[in-house]
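Residue strings, one per chain:
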Amino acid sequence: MAKCEVCGKGVKTGIKLSHSHIRTKRTWSPNIQKVRALVNGTPTRINVCTRCLRSGKITRAI
């Protein structure tokens, strides 16, 4: 799974706990989108999480 190239957010791991208390490993993936953004004035494709998109940390290329 890819990481956000702005904030570095990636996959988190943990334990899923069932009602009968069986513990199994699981992962939580961030919502990563591949978008065209302006990086140093040139449009490039980067992987960005939706939190960075919504907060305006990048400027999208048209």
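Look up: the structure comes first, before these words.
Residues numbered from 1 in each chain as written. Predicted model: local features only at pLDDT ≥ 70, side-chain atom pairs only at ≥ 80, totals over all residues. Heavy atoms only, no water.

Asks: Where do I start with the overall build of the chain in this structure?
Replies: Helices and strands together make up the secondary structure of the chain, namely one helix and four strands. Taken from the N to the C terminus, the helices and strands of the chain come in the order β-β-β-β-α. In terms of C-alpha radius of gyration, the chain reaches 16 Å, well past the compact-globule figure of 11 Å for 62 residues. Principal-axis analysis of the C-alpha atoms gives the chain an extent of 55 × 20 × 15 Å. The proportion of buried residues among the 62 residues of the chain is 21%. Of the contacts made within the chain by residues no fewer than 6 positions apart, 29% connect residues no fewer than 24 positions apart. Just so you have it, the chain exposes about 5,000 Å², and 50% of that area is on carbon and sulfur atoms. (Helix = DSSP H or I, 4+ residues; strand = E, 2+ residues; numbered from the N terminus. Rg over C-alpha atoms; globule rule 2.2 N^0.38 Å. Buried < 20%, exposed > 50% of the residue type's maximum accessible area, 1.4 Å probe, protein only. Contact = heavy atoms within 4.5 Å. Areas by Shrake-Rupley, 256 points an atom, 1.4 Å probe, with all protein chains shown as cover.)

Asks: Before we go on, may I ask you to explain the state of the cysteines in this structure?
Replies: By definition, a disulfide is the covalent link that joins the sulfur atoms of two cysteine residues. According to the stated counting rule, one finds zero disulfides in the structure shown. With no disulfide of its own, cysteine 7 has cysteine 4 as its nearest cysteine by sulfur position, at a separation of 3.6 Å. Cysteine cysteine 49 is unpaired, with the sulfur of cysteine 52 as its nearest cysteine sulfur at 3.5 Å. On the accessibility criterion, cysteine 49 (3% relative accessible area) is buried. (Disulfide = S-S within 2.5 Å.)

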